[in-house]
Structures are given as C-alpha cells and as structure tokens.
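Structural overview for review
Each chain, letter by letter, is given below.
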Amino acid sequence: MSQQREAGILIAKIHQLSGRVFNRKLKNNKLDKLNPAQGRIMFVLWNKNSLPIHELSKETQLSKSTLTSMLDRLEEAGYIKRSPSKKDRRKIIINLIKVDKEFEQNYINVSNEMLNLFYNGFSEEEIDRFESFLKRLLNNLMEFEEKN
C-alpha cells in the first residue's frame, strides 16, 4: 500500500459534518430537545423497547459511561425508566415511558432526510456495496475492541 489511505480522516470528517447538519435539521424541525446521541438511544428503544443496558450499549455503539450519562438525562426528562430485570435482578432494563408518536415520526423523518442526503447520487447497488463495506469496518473495530 504505497498510496496514502484516508479512511480514518474521512470517517472523522463525515462524522463531524454530519453531526452538525443533523443538529441543524433537528433544530429547524423543533426536535432539538434531544441531542443526536440521545436520539440514537430513543431510536433503538422505539424499535426494541425494554432492553438491558449492555444490549442498548451494543445497539447504539455508545460506551457504557456515555450511555449512563445520556440515560440519566433521558430519565430526568421523563422519557425512560430504569428498573431491575424480573428474571435477573443484577440486570437493569431500560423502558420507554414517554411515548410521543408525533415526535418519534418527525425524528424518523429527519433521519430519513439525512439518509437521502448521504446517498444523493448513489445507485441502490452502490448503497448496498457501501453499507457492506461499512459493516465490515465496524466488525473489524468491534472484534479489536473485544480482544483488547
């Protein structure tokens, strides 16, 4: 590999810029009561409610310390409730308690706008290939993290 590879810097730039654009879109749609990380947590819970913290961490790819502080804020705002599992009292289960279907749908609409922006000019085949590469990158990183 004599050519300088830029994946890391490109991913970092995309992450920063997409975060700014997403925040702007959320604010413009009056959805800025949640930050993007909190929105990611809520998005997972909208699809799979009643998750243990370790599974929510895996689904969101947020570290447990980051997730804990986000959950604190969501709990204070009345969106979620933490409770011990009935099957295993050592596990904490996260449940949605504030379900605002209009807010959820509007948030999903903005997320879809972001997807349309990401994939502008891409064919379905290119999207499929690109996402398969992203999944491989993610799996490589997850495997490394599990080993270390």
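Let me begin by describing the structure that accompanies this report. This structure is a prediction, so every number in the text was calculated from the model and none was measured.

Focus on the pattern of salt bridges
- A complete count under the given rule lists six salt bridges for this structure.
- We note a salt bridge from K48 to E59, for which the minimum N-O separation is 2.9 Å. Separated by eleven residues along the polypeptide, K48 in the loop between helix 2 (36–47) and strand 1 (51–52) and E59 in helix 3 (residues 53–60) bring together distant segments of the chain.
- Taking relative accessible area as the criterion, K48 reaches 36% and is therefore assigned partly exposed.
- E59 gets classed as partly exposed once you look at its relative accessible area, which sits at 39%.
- For R90, the salt bridge is made with D88, and the minimal N-O distance between the two is 3.0 Å.
- With a relative accessible area of 74%, R90 lands in the exposed category.
- Through salt bridges with shared partners, one network takes in D72, E75 and R82.

Thoughts on the packing of helix 2 against helix 4 (residues 64–76)
- Relative to each other, helix 2 and helix 4 sit at 80°, their axes nearing to 10 Å. When the axis of helix 2 is compared with that of helix 4, the two are roughly perpendicular. When helix 2 is examined against helix 4, the residues A37, Q38, I41 and M42 are found in contact with a partner set consisting of L67, M70, L71, R73 and L74.
- Grouping the amino acids of the contact of helix 2 with helix 4 by side-chain chemistry returns seven nonpolar, one polar and one charged.

Calculation notes
Residues numbered from 1 in each chain as written. Predicted model: local features only at pLDDT ≥ 70, side-chain atom pairs only at ≥ 80, totals over all residues. Heavy atoms only, no water. Salt bridge = Lys/Arg side-chain N within 4 Å of Asp/Glu carboxyl O. Helix = DSSP H or I, 4+ residues; strand = E, 2+ residues; numbered from the N terminus. Buried < 20%, exposed > 50% of the residue type's maximum accessible area, 1.4 Å probe, protein only. Axes fitted to C-alpha atoms, helices over the stretch in contact; angles between N-to-C directions. Parallel < 35°, antiparallel > 145°, perpendicular 65-115°, else oblique. Contact = heavy atoms within 4.5 Å. Nonpolar A, V, L, I, M, F, W, Y, C, P; charged D, E, K, R; others polar.

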